[in-house]
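For reference, the chains in residue letters:
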Amino acid sequence: MNVAPAVDMDRVGAVLDRFEKGERSHLVHALQDLQSEIHYLPKEAIKAAAKYLDVPLHSAFSVATFYKAFSLVPRGETIIKVCLGTSCHIRGASVVVEDLRIGLGVGPGETTQDMKYTVEVVNCVGACALAPVVIANTRYIADVKPGTIVKIIEEG
Amino acid sequence: MGIANLKKLEARRSALHKAHENVKTQVRVCSGTGCAALGAFEVYDALVEESKKAGLPVQVELAPCGKDKDPIFVSLTGCQGFCQIGPLVHILPEDILYTGVKVSSVKDIVGKTLADGQVIDKLLYKNPEDKKRLKGRADIPFYKGQELVALEGCGSVAADSLDSYIASGGFSSLAKALKMDPDQVIAEVEKSGLRGRGGGGFPTGRKWRSCVNATGDERFVICNGDEGDPGAFMDCCIMEGDPYRVIEGMIICAHAVGSSTGFIYVRHEYPRAVERLSLAVKTCEENGLLGTKILGSDLNFDISVARGGGAFVCGESTALMRSIEGSVGEPRAKYVRSVQRGFRDKPTVLNNVETFACVPSIINEGSDWFASRGTEKSSGTKAFCLVGKVVNTGLIEVPMGTKLRDVVFGIGGGIIDGRPFKAVQTGGPSGGCLGENYLDLPVDFDALAEAGSMMGSGGMIVMDDRTCMVDVAKYFLNFLMEESCGKCVPCREGVYQLHALLDKLSRGEGEPQDLEKIQRLGKEIQVSSLCGLGKSAPNPVLSTLKNFREEYEAHVNDKRCPAGVCRDITTFTIDPDKCTGCLVCKKACPPDAISGEKKQVHVIDQDKCTQCGACRLVCKFDAVVTS
Amino acid sequence: MYIYIDGKKISANDGETILAVANRNNIYIPTLCHHEALDDVGACRVCMVEITHKDWGGWTNLVTACLYPVEEGLVISTSSDAVRRSRGTTLDLLMARCPTSDVIRWMAEENGEISVRYEQVDDGSKCIMCSLCVRACEKMGCNAIGTVGRGHDKKIAPPFFENPENCIGCGACAAICPTGHIEMKDTRTTREIWEKKFDFVACEVCGEPVMTEEYRDYAIANRDLPADYYTTCSACKKKKLASHFDKVGS
């Protein structure tokens, strides 16, 4: 298990301050901004958002678990998203997942022990012409050939 | 500097036109997702830098009062379509299309082409058929047979520049619409025959009219940019490449239906689309194109950009509206339509990005112009993403009614490595797979639906003989199982069971009665589910079962996957006669199951092999065989 | 207006649903996620009926009775072949999900033969995700439980799967659950639900439990009820009322 670092509530507060207090419809947005600030959604942050926007906690938890964009557990420094869109699927995306599983020792949704990498699978990132595609944080890696992905990522 | 009224808009346009006329050379660097991934931004920066260094009069913005003589205008455009061979640099007026441009090629482009007018042969597109280099878009087969309407500005206007959009005629359609009665605007859209490009194909004009006729003190206009179909990225390209066109379409709609509030809902997987749209909205606000008294008329209209949270079901209109309200995206029954009771229970028009992008052209060129394209019941053009095992992949737009064959073999250039064509998948997870006998099908809403597939948002995924139809159906079911909101039983439990049945087949454990079971369950899910996601979820299975039944039967009766994809019933071996001992498969094998020295026949250790197929993917000599 | 249910001409009011009209006329349409006191959501799909209309040119459609608003001349069948097939499939699927639920099995048997067996997803749960409990809890104003996740793995639970802060132990969720999935353990002095323990207020007359202390506090703060409502159990309240009438009568 990875131990979650303490949550900086000042940062949470600063993100929430950007939104209108008590405006329920900002919930999805606020959670997205919180996630980009702290890279995941700790319990404290969801609670703070629910309170600030006057949303029942169960609704905030429902929203946080419904949408794929949100992670309730800490993630690694580099988030490796393997696109599993149809085009990537038929052009060998599953081999890429396999390569990562063997090379980094983690499967989709998992984070390496040293908190360096999190592997995720996503449904289509809109770069189908370059299939199979991997996105490491903001870097797009196109036309990934079998056996190459781990090296490409580790070399940065 | 605002554009307070029509006069100011025209003044601005004519100033920009003049600036445009002065431009001697235009250099358009494609910054679509594909090209950007391949380094287009670096190429752009280097181009500007290098041109300056060379003392060329380079401009990065259209300057109405520029002092330079014969300036070179370098811009970042949206997707230019031919993603396969990016990054693309298109040079006008000579129509030179440079492909696969790297930062290292920039020096040559500046020194030879921009400074000296020479064409650099090795950067041109090489036609795979005769290995001849082709100079520009006019010569390249991929671009022939295409007709751009919704994608007109995508790849030509500078994506983040309002001026560039105005110079290309932007907002002239709005200006025209504002002089028309709202009813006339709707009548034009009705007459054009425009149908919703998001999938269902509902007549757009009729939708707008129902919204006007619905009772309510407030109306909303929502643009659906939650393009969730895997294998489709048209809307992404339009939002990134021509955001002002989408906004213009929405403002025209607001004028037509009497709305003052709009939303654009963009999926979070498209960060650049969110960024460019937000910037475009802000720029429009600053220039008086959004806000109060737009262009001096009585129209007040605001747009907010809402980011999706990553849920395919939010492409469904009622779920999308729930999501903008800040809730879980669960659809509701549509016995009362959302044009009557939609967002916040008020009458709401919801169209997708491409639909709104067609509107400015319809108003500007007239409904007859639009209706004269396409087929009788599906007028106009349609953007598609041509992807999969096809030679030329990318973003295309063709008149409705174009034959599948012309798309796949004409524009697409046929199948990779000359392998046999097997099927083309349209309509994403709600669509189906059409085999060879459908190649002469004219692509429009009704023809696709009749063939058991659907238009969907426009993904077109080409498959060869190494694609297993059971695997494809299973893939979509797995996708839908994860994306189902889980509210209603047929979708939540039924899709799960369908997936379980297909999984059984792919493991070689299928029983003869399973095919009947799949068929029956699929049909019941179609009629019993709550929303469009569930109702269409069985389509990929039912269509492949109908069109590729032998392949299903091979899985059940012979416990064999003819395409060599389903791992549990496939064995990979190396044909010693074909193997050249090149080591490529050995290097690619994830579990290190391949042994063999250079120039000696390689062998796969069956105990170690995980049947992932990596070796077959990389082998250039067709030496990896499956059984 | 008039509508026709299973061949019977029935008067109906604008704005009513098919189910409301059927219930009023004692025509049985099975339901799982419907409750009179709560808004309908159309999740369980067992109240499916087939509709048509003389002006529809023979076109028919399957709709959920709980949500479909009636219209003049609507012709409804509550048990056509299409209805039975759809309902049967839904119940077959639920049986695979909750094989231990008697309610689902009875309903399936009543609908007709159980034709298709699907792979069992037996996690010992009887939850059919009808969300009645969540809606009842919302209606109470407590918002202690909600849906978690989506798709096949969707669950109903308190936030973070922790013992729910807002729960007052009113038991509405357990009472409304159609399959008896929600566990509530009562003793004479305590109640346990959603892994949270409550102490009962004892009746000042007989000592039997009245309600949980949390429920009492919540009701005092939010409802305007007579004081003995919180101190006396319902049986003793009835006795008290009866003796009052006795006195009035004599």
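Computed from a predicted structure; not experimentally measured. (Residues numbered from 1 in each chain as written. Chains lettered and ligands numbered in written order. Predicted model: local features only at pLDDT ≥ 70, side-chain atom pairs only at ≥ 80, totals over all residues. Heavy atoms only, no water.)

A. View of the overall build of chain A. Looking only at helices and strands, one finds seven helices and four strands in chain A. Ordered by position from N to C terminus, the α and β elements of chain A give α-α-α-α-β-α-α-β-β-β-α. Dimensions along the principal axes, computed over C-alpha positions, put chain A at roughly 50 × 30 × 25 Å. Here chain A holds 156 residues, and the buried ones make up 61% of them. Considering only intrachain contacts with a sequence separation of at least 6, the fraction spanning at least 24 residues in chain A is 63%. In chain A, 16 positive and 18 negative side-chain charges are present, and the distance between their average locations comes to 3 Å. (Helix = DSSP H or I, 4+ residues; strand = E, 2+ residues; numbered from the N terminus. Buried < 20%, exposed > 50% of the residue type's maximum accessible area, 1.4 Å probe, protein only. Contact = heavy atoms within 4.5 Å. Lys, Arg positive; Asp, Glu negative; His and termini not counted. Charge placed at Lys NZ, Arg CZ, Asp CG, Glu CD.)

B. Representation of the overall build of chain C. For chain C, the helix and strand inventory stands at seven helices and eleven strands. Taken along its principal axes, the extent of the C-alpha atoms in chain C is 65 × 55 × 30 Å. Counting over 250 residues, chain C shows a buried share of 48%. Within chain C, counting contacts between residues at least 6 apart in sequence, those at least 24 apart form 49% of the total. Accessible surface computed for chain C: about 12,700 Å², of which carbon and sulfur atoms make up 49%. (Areas by Shrake-Rupley, 256 points an atom, 1.4 Å probe, with all protein chains shown as cover.)

C. Layout of the sheet that holds strand E15 (residues 432-435) of chain B. Residues and elements named next belong to chain B. Spatially, five strands are ordered E13-E12-E16-E14-E15 in an open sheet, and the strand pairing comes out mixed. Each edge of the sheet is formed by a strand with only one pairing partner; in this case those strands are strand E13 (394-399) and E15. The mean angle between the axes of side-by-side strands here comes to 30°, regardless of whether they run parallel or antiparallel. Direction of pairing for strand E14 (residues 421-426) relative to strand E16 (residues 459-464): antiparallel, over a ladder of five bridges. Residue pairing across strands places Ala423 opposite Met463, the latter belonging to E16. (Pairing = 2+ DSSP bridges. Axes fitted to C-alpha atoms, helices over the stretch in contact; angles between N-to-C directions.)

D. Region of the structure containing the packing of helix H17 (residues 469-483) of chain B against helix H22 (residues 549-557) of chain B. All names here are of chain B. At their nearest, the axes of H17 and H22 sit 9 Å apart, and the two run at 95° to each other. One finds that H17 runs roughly perpendicular with respect to H22. In contact with Met469, Val470 and Ala473 of H17, H22 contributes Glu551, Tyr552 and His555. Here the contact of H17 with H22 is composed, by residue class, of four nonpolar, one polar and one charged. (Parallel < 35°, antiparallel > 145°, perpendicular 65-115°, else oblique. Nonpolar A, V, L, I, M, F, W, Y, C, P; charged D, E, K, R; others polar.)

E. Quick peek at the pattern of salt bridges. Overall, the coordinates contain 52 salt bridges over all chains when judged by the stated rule. Across the pair Glu482 of chain B and Lys68 of chain A runs a salt bridge whose closest N-O atoms are separated by 3.5 Å. On the criterion of chain membership, the pair formed by Glu482 of chain B in helix H17 and Lys68 of chain A in the loop between helix H4 (57-66) and strand E1 (78-83) is interchain, its members lying in two chains. In this structure Glu482 of chain B comes out as partly exposed when scored by relative accessible area, which is 36%. On the accessibility criterion, Lys68 of chain A (37% relative accessible area) is partly exposed. Lys382 of chain B is the partner of Glu354 of chain B in a salt bridge, and the nearest nitrogen-oxygen pair spans 2.6 Å. Taken as a pair, Glu354 of chain B in helix H13 (residues 353-365) and Lys382 of chain B in strand E12 (residues 381-388) lie far apart in primary sequence, 28 residues in all. Residue classification places Lys382 of chain B among the buried positions, given a relative accessible area of 0%. Bridged by salt links that share partners, the residues Lys68 of chain A, Glu482 and Glu483 of chain B together with Arg150 of chain C form one connected network. (Salt bridge = Lys/Arg side-chain N within 4 Å of Asp/Glu carboxyl O.)

F. Quick peek at the interface of chain B and chain A. Facing the 59 residues of chain B at the interface are 38 residues of chain A. Of the roughly 3,900 Å² buried between chain B and chain A on both sides combined, carbon and sulfur atoms contribute 60%. Here chain B and chain A share four salt bridges between them. The salt bridge partner of Arg567 of chain B is Glu98 of chain A, with a shortest N-O separation of 3.5 Å. At the junction of chain B with chain A, the criterion picks out 21 residue pairs in polar contact (both at pLDDT 80 or more). (Buried area = accessible area lost by both parts, 1.4 Å probe. Polar contact = N/O pair within 3.5 Å; in protein donor to acceptor, adjacent residues only side chain to side chain.)

G. Region of interest: the interface of chain B and chain C. Across the contact, 29 residues belong to chain B and 32 residues belong to chain C. Taken together, both faces of the contact between chain B and chain C bury some 2,700 Å²; the carbon and sulfur share is 55%. Looking only at chain B, the three residues that lose the most surface to chain C are Tyr335, Arg492 and Gln497 of chain B, adding up to 24% of its buried area. The interface formed by chain B and chain C contains four salt bridges. The salt bridge involving Arg150 of chain C is made with Glu483 of chain B; its shortest N-O contact spans 3.0 Å. The interface formed by chain B and chain C contains 20 residue pairs in polar contact (both at pLDDT 80 or more). Of all the elements in the fold, those that place two or more residues in the side of chain B that touches chain C are H17, helix H18 (489-506) and helix H19 (512-528) of chain B.

H. Up close: H17 of chain B. Residue and element names in this part refer to chain B. With 15 residues, H17 extends 21 Å between its outermost C-alpha atoms, agreeing within 8% with the 21 Å of an ideal straight helix rising 1.5 Å per residue. Taken across its 15 residues, H17 has twelve buried, putting it largely inside the fold. All of the buried residues in H17 are Met469, Val470, Asp471, Val472, Ala473, Tyr475, Phe476, Leu477, Phe479, Leu480, Met481 and Glu483. (Expected span 1.5 Å × (residues − 1).)

I. How the structure looks around H4 of chain A. Counting buried positions along H4 of chain A gives nine out of ten residues, so the element sits mostly inside the fold. When H4 of chain A is considered as a whole, its buried residues turn out to be Leu57, His58, Ser59, Ala60, Phe61, Ser62, Val63, Ala64 and Phe66 of chain A.

J. How the structure looks around the sheet that holds strand E5 (residues 75-77) of chain C. Residues and elements named next belong to chain C. One open sheet accounts for five strands, arranged E2-E1-E5-E3-E4; its pairing is mixed. The open sheet has two free edges, formed respectively by strand E2 (8-11) and strand E4 (61-64), since each of these has just one partner strand. Direction aside, neighbouring strands of the sheet carry axes that sit 35° apart on average. As paired strands, strand E1 (residues 2-5) and E5 are joined by two bridges and run parallel to one another. Within E5, the residue paired with Ile5 across the bridge is Ile76. Running at roughly 150° to strand E3 (residues 48-52), helix H2 (residues 81-97) makes contact with E3, E4 and E5 of the sheet.

K. Structural context of the nonpolar core. If you look at the biggest cluster of nonpolar residues, it comprises 104 residues, and the most contacted ones within it are Leu31 and Leu34 of chain A together with Ile518 and Tyr552 of chain B. With eight residues, H18 of chain B is the largest single contributor of residues to this core. Each of two domains, domain 1 (2-111) and domain 2 (132-244) of chain C, supplies a minimum of three residues to this core. Not counting the four nearest positions on each side in its chain, Leu34 of chain A is found in contact with Val12, Val15, Leu16, His39, Tyr40, Leu41, Ala45 and Ala49 of chain A. Within the second largest apolar cluster, 91 residues are counted, among which are Val353, Ala357, Cys358 and Phe370 of chain B. (Core = buried A, V, L, I, M, F, W, Y, C linked by side-chain atoms within 4.5 Å. Domains from an automatic or database assignment.)

Everything listed here is a matter of coordinates, which is why it stays silent on function.
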